[in-house]
Amino acid sequence: MHELSMADAIVKTILDIAEKNDAEEIIEVTIELGKLTLLNPEQLKFMLEVISEDTLLDGAEFKMEIIPVEIECGSCNYTGSIDSDELDHFTPILSCPQCGERDLKVISGRECNIKQIKIEKRE
Ligand SMILES: [Zn+2]
């Protein structure tokens, strides 16, 4: 359960930030999710909602921003996105769309970040 452990870590981080900011309520959380994490956004969102129950996060809205995969090819100098719908969801092997090279530098697509948290502060 990849999503569960990730959701658990995300909730802990958000609650920690909220506490440090004297949050009374958390309204909305935006999460950046790279395609290469192979996390299912719907499943992750569901897990987040379950774990959030009875915490400050209860009732907060989770927004997922999917980050596409971008690579840099050392072989033909192609830089850009890869159609990640073609990725095998269990063992992703990336290859350059231009020359087929597999030794690529991944620029984006691996992130799982908390981008933004909207809170209601205590007076
Ligand atoms: Zn290439």
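Scroll up a little and you will see the structure.
Residues numbered from 1 in each chain as written. Predicted model: local features only at pLDDT ≥ 70, side-chain atom pairs only at ≥ 80, totals over all residues. Heavy atoms only, no water.

### Side note on the coordination of the zinc ion
Consideration 1: Around the zinc ion, the protein supplies Cys73 (SG), Cys76 (SG), Cys96 (SG) and Cys99 (SG) as donor atoms, at distances of 2.3 Å.
Consideration 2: In this structure, the zinc ion is surrounded by four donor atoms whose angles at the metal cover 105 to 113 degrees, and the resulting shape is tetrahedral.
Consideration 3: Read N to C, the donor residues that coordinate the zinc ion are spaced as C-x2-C-x19-C-x2-C. With Cys76 in the loop between β3 (70–73) and β4 (79–81) and Cys99 in the loop between β4 and β5 (104–108), the pair connects residues that are 23 residues apart, well separated along the chain.
Consideration 4: Exposure remark for Cys99: the relative accessible area of 40% places this residue in the partly exposed category. (Donors = N, O, S within 2.8 Å, 3.2 Å for Na, K, Ca; no water. Tetrahedral: all angles 85-135°; square planar, octahedral: opposite > 155°, others 65-115°. Helix = DSSP H or I, 4+ residues; strand = E, 2+ residues; numbered from the N terminus. Buried < 20%, exposed > 50% of the residue type's maximum accessible area, 1.4 Å probe, protein only.)

### Some points on the sheet that holds strand β6 (residues 112–121)
Consideration 1: Reading across the sheet, the three strands line up as β2-β1-β6 and stay open at both edges, with mixed pairing between neighbours. Looking along the sheet, the strands with just one partner apiece sit at the ends: β2 (61–67) and β6. Neighbouring strand axes in the sheet, compared pairwise and without regard to direction, differ in orientation by 20 degrees on average.
Consideration 2: As paired elements, strand β1 (residues 23–34) and β2 share seven bridges and run parallel to each other. Counterpart to Glu28 in the pairing with β2 is Glu61.
Consideration 3: The strands that helix α1 (residues 2–20) touches are β1, β2 and β6; relative to β6, the one it contacts most, it runs at about 40 degrees.
Consideration 4: Packing against the sheet, helix α2 (residues 41–52) makes contact with β1 and β2, and its axis sits at approximately 150 degrees to β2. (Pairing = 2+ DSSP bridges. Axes fitted to C-alpha atoms, helices over the stretch in contact; angles between N-to-C directions. Contact = heavy atoms within 4.5 Å.)

### With respect to a negative patch on the surface
Consideration 1: Together, Glu24, Glu25, Glu120 and Glu123 make up a negatively charged patch on the protein surface.
Consideration 2: Among the secondary structure elements, Glu123 is positioned in the segment after β6. (Patch = residues over 30% accessible without salt bridge, like charges linked within 9 Å, V, L, I, M, F, W, Y side chains within 5 Å. Areas by Shrake-Rupley, 256 points an atom, 1.4 Å probe, with all protein chains shown as cover. Salt bridge = Lys/Arg side-chain N within 4 Å of Asp/Glu carboxyl O. Lys, Arg positive; Asp, Glu negative; His and termini not counted. Charge placed at Lys NZ, Arg CZ, Asp CG, Glu CD.)

### Focus on the pattern of salt bridges
Consideration 1: Here the structure, examined in full by the defined rule, presents five salt bridges.
Consideration 2: In this structure, Asp16 and Lys20 form a salt bridge, with 3.2 Å as the shortest nitrogen-oxygen distance. On the criterion of helical spacing, the pair formed by Asp16 and Lys20 is a turn pair, its members being four residues apart in helix α1.
Consideration 3: Lys20 sits in the exposed class, given a relative accessible area of 65%.
Consideration 4: Two residues, Glu65 and Lys115, come together in a salt bridge whose shortest N-O distance is 3.1 Å. Remark: Lys115 occurs in strand β6 and Glu65 occurs in strand β2; sequence separation between them is 50 residues.

### Looking at α2
Consideration 1: In this model, α2 (12 residues) spans 16 Å end to end at C-alpha, consistent with the 16 Å of a helix rising 1.5 Å per residue.
Consideration 2: Along α2, the positions that sit buried rather than exposed are Leu44, Met47, Leu48 and Ser52. Seen from one end, α2 has its buried residues packed into an arc of 130 degrees, which puts them on one side. The exposed set on the far side of α2, more than 90 degrees from its buried face, consists of Glu42 and Phe46.
Consideration 3: Turning to α2, the residues buried within the fold contact α1, β1 and β2.
Consideration 4: One side-chain oxygen of the residue at the start of α2 lies 2.9 Å from the amide nitrogen of Glu42, identifying that residue as Asn40.
Consideration 5: Where α2 terminates, the next one or two residues include Asp54, which has phi positive at roughly 65 degrees. (Expected span 1.5 Å × (residues − 1). Arc of directions from axis to C-beta. Polar contact = N/O pair within 3.5 Å; in protein donor to acceptor, adjacent residues only side chain to side chain.)

These values are about where atoms sit, not about what they do.
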